[in-house]
Amino acid sequence: MDMNHSATNLTLDALKSVVSQALLGKFTAVFPKLFKCQWKTYEGQKKLYANFSKDTVSNMSGRKFCVGGNWKMNGDQKSIAEICKVLSDAQLDPNTDVVIGCPAIYLMFARNLLPCSIGVAGQNAYKVAKGAFTGEISPAMLKDVGADWVILGHSERRAIFKESDELIAEKAEHALAEGLKVIACIGETLEEREAGKTNEVVARQMCAYAKKIRDWTNVVVAYEPVWAIGTGKTATPDQAQEVHAFLRQWLTENISKEVSNTLRIQYGGSVTAANAKELAKKPDIDGFLVGGASLKPEFVDIVNARK
Ligand code: PGA
């Protein structure tokens, strides 16, 4: 009986050992895979967190980065075709809206050469749909040739063509009603900045827009200090951020917290590939309006400033 018992124990022990060896073997065979998989996941998570924390520095706002090129009165069919080719071939950050402000006469030409992912903007539009306004272009016409945006209130329109805050706001109101998206420009002159009037000036310009704009969904504001436009004298990231933060506070107090949180505010004025990355890190800078550099291949790097 005892002998039988110990024989059974022996068999059981042997069985246990075989099973555990087998399990262990199986486990060690499975384990490296498991380990590798977890390591991979961990590496992936590390990358994800690295990107996430990078994003939280520059992009925690949730506002989509938006870069506009303002070609102004430059280009001909040949050079426009060349720029469009550069933009079509480039790897542009899919997390950035790109809009090209093209001379009106070349809008359809550029629209046909650019990928659909790139928006096209007029650089001006009048405040009514049609009529006896020699030399003017309406939002309906811009739309008819493929534009989906219009730049309004640029400092060159204000200074050279004497457009008032009120006229610009009326243009914005009509363009929005016609279904165009609007890049609404504002900005102080050097004289105004030196007199300490920057906030006062941009608040006045914003007030005029606010009297006419009810829904800000299709508006992007472009803060462009006049002294920085075409001068090679960019506002420092801190100078730009200071005004952008003021504008957000102004929006909170005068429009709503929601508009303040969601409205995109671009910076414009001598933006280049060399300074775009630093400017793009500022929490209230949601993109750029680019003049001179938008005619060059470096515009691609400006679009990708947050990549
Ligand atoms: P800039 O122009 O980049 O050549 O200074 C900016 C603008 O006018 O929008």
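None of these values were measured; they are calculated from a predicted model.

Peer 1: Would you mind going over the side chain of Asp 284 with me for this structure?
Peer 2: For Asp 284, the position within the fold is in the loop between helix 11 (273-280) and strand 8 (287-290). Owing to a relative accessible area of 13%, Asp 284 belongs among the buried residues under this scheme. There is a polar contact of 2.8 Å between the side chain of Asp 284 and the side chain of Gln 241.

Peer 1: How should the site of the ligand be read in this particular structure?
Peer 2: Taken together, 13 residues sit near the ligand, with Lys 72, His 154, Glu 224, Gly 230 and Ser 270 positioned nearest. Separating an oxygen atom of the ligand from a backbone N or O atom of Gly 230 is a distance of 2.6 Å. Contact with the protein chains hides 95% of the accessible area of the ligand, taken as 280 Å² for the molecule alone. When the residues that make up the shell around the ligand are grouped by side-chain class, the tally is four nonpolar, seven polar and two charged.

Peer 1: How do you make sense of the sheet that holds strand 3 (residues 118-122) when you look at a structure like this?
Peer 2: Backbone hydrogen bonds hold the strands of a sheet together, and the pairing may be parallel or antiparallel. If you walk around this closed barrel you meet the eight strands as 1-2-3-4-5-6-7-8, and the pairing is parallel. Going across the sheet, the axis of each strand differs from the next one's by a mean of 25°, ignoring polarity. Pairing of strand 1 (residues 65-70) with strand 2 (residues 96-101) involves six bridges; the strand directions are parallel. Paired with Cys 66 across the two strands is Asp 97, which belongs to strand 2. Taken strand by strand, helix 6 (residues 165-177) contacts strand 4 (149-152), strand 5 (181-186) and strand 6 (219-223), and its axis lies near 175° from that of strand 4. Packed onto the sheet, helix 8 (residues 198-212) meets strand 4, strand 5 and strand 6 and runs at close to 150° relative to strand 5.

Peer 1: Help me understand the packing of aromatic side chains in this model?
Peer 2: Both the distance between ring centres and the angle between the ring planes are used here to describe each pair of aromatic rings. The full count for this structure, using the stated rule, is three aromatic pairs. Aromatic pair Tyr 126 and Phe 133: ring centres 4.9 Å apart, planes at 45°, arrangement tilted. Seen in terms of ring centroids, Tyr 223 and Tyr 267 are 6.4 Å apart; in terms of plane orientation they differ by 55°. Their pairing is tilted. With Tyr 223 in strand 6 and Tyr 267 in strand 7 (residues 264-268), the pair connects residues that are 44 residues apart, well separated along the chain. Tyr 267 shares its class with Tyr 223; the two are buried. For Arg 157, the ring lying beneath its charged end belongs to Phe 161, and the centroid distance is 4.1 Å.

Peer 1: Please clarify how helix 6 should be interpreted in this entry.
Peer 2: Note: α-helices contain 3.6 residues per turn, so residues at a spacing of three or four share the same orientation. Between its first and last C-alpha atoms helix 6 spans 18 Å; for 13 residues at 1.5 Å apiece the expected length is 18 Å, and the two agree. Residues of helix 6 that are buried: Asp 165, Ile 168, Ala 169, Lys 171, Ala 172, His 174, Ala 175 and Leu 176. Close packing links the buried residues of helix 6 with helix 4 (139-144), strand 4, helix 5 (155-159), strand 5, helix 8 and strand 6.

Peer 1: Even after reading the chapter, I still don't get the packing of helix 6 against helix 8, so can you show me in this structure?
Peer 2: Helix packing geometry: the angle between the two helix axes and the distance between the axes. Two elements in contact, helix 6 and helix 8, have axes whose closest approach is 8 Å; the angle formed by their N-to-C orientations is 40°. Here helix 6 lies oblique to helix 8, going by the angle between them. Helix 8 is crossed by helix 6, and the crossing has right-handed handedness. For the pair helix 6 and helix 8, the contacting residues are Asp 165, Ile 168, Ala 169, Glu 170, Ala 172 and Glu 173 in the first and Arg 204, Gln 205, Ala 208, Tyr 209 and Lys 212 in the second. Among the residues making up the contact of helix 6 with helix 8, the classes are represented as five nonpolar, one polar and five charged.

Definitions and limits used
- Chains are numbered independently. Their residues run from 1 in the order of the written sequence.
- In view of the model being predicted, local features appear only for residues whose pLDDT reaches at least 70, and side-chain atom pairs are presented and counted only at 80 or more, with totals across whole chains, interfaces and linings using the full set of residues.
- Each side-chain value is worked out from all heavy atoms of the structure, with water and hydrogens disregarded.
- Working definition: helices are DSSP H or I runs of at least four residues, strands are E runs of at least two. Numbering for both runs from the N terminus.
- Working definition: with a 1.4 Å probe on protein chains only, accessible area under 20% of the residue-type maximum means buried, over 50% means exposed, and in between means partly exposed.
- For the purposes of these results, a polar contact is taken to be a pair of N or O atoms within 3.5 Å, where, inside protein, one atom must be able to donate a hydrogen and its partner to accept one; residues adjacent in sequence count only when each atom of the pair is a side-chain atom.
- Neighbouring residues are identified by heavy atoms, a residue being near a molecule or strand if any of them is within 4 Å of it.
- Only the protein chains shown count as cover for residues, and all accessible areas are computed by the Shrake-Rupley method using a 1.4 Å probe.
- Note on residue classes: Ala, Val, Leu, Ile, Met, Phe, Trp, Tyr, Cys and Pro are nonpolar, Asp, Glu, Lys and Arg are charged, and everything else, Gly too, is polar.
- Strands were regarded as paired on the criterion that DSSP finds at least two bridges between them.
- Where helices are involved, their axes are fitted lines through C-alpha atoms of the stretch in contact, as for all axes, and angles between N-to-C directions lie from 0 to 180°.
- In what follows, residue pairs with any heavy atoms lying within 4.5 Å of each other are defined as contacts.
- The pairing test for Phe, Tyr and Trp rings, Trp by its six-membered ring, is centres within 6.5 Å, and the orientation test on the planes gives stacked under 30 degrees, edge-to-face over 60, and tilted for anything in between.
- Counting as a charge over the ring demands two things of the Lys NZ or Arg CZ atom: a distance within 6 Å of the ring centre and an angle within 35 degrees of the ring normal.
- One fewer than the residue count of a helix, multiplied by 1.5 Å, yields its expected span.
- Put simply, angles under 35 degrees are roughly parallel, angles over 145 are roughly antiparallel, angles from 65 to 115 are roughly perpendicular, and the rest are oblique.
- Crossings are classed by handedness, with left-handed meaning an anticlockwise turn of the near helix from the far one by less than a right angle and right-handed meaning a clockwise turn.

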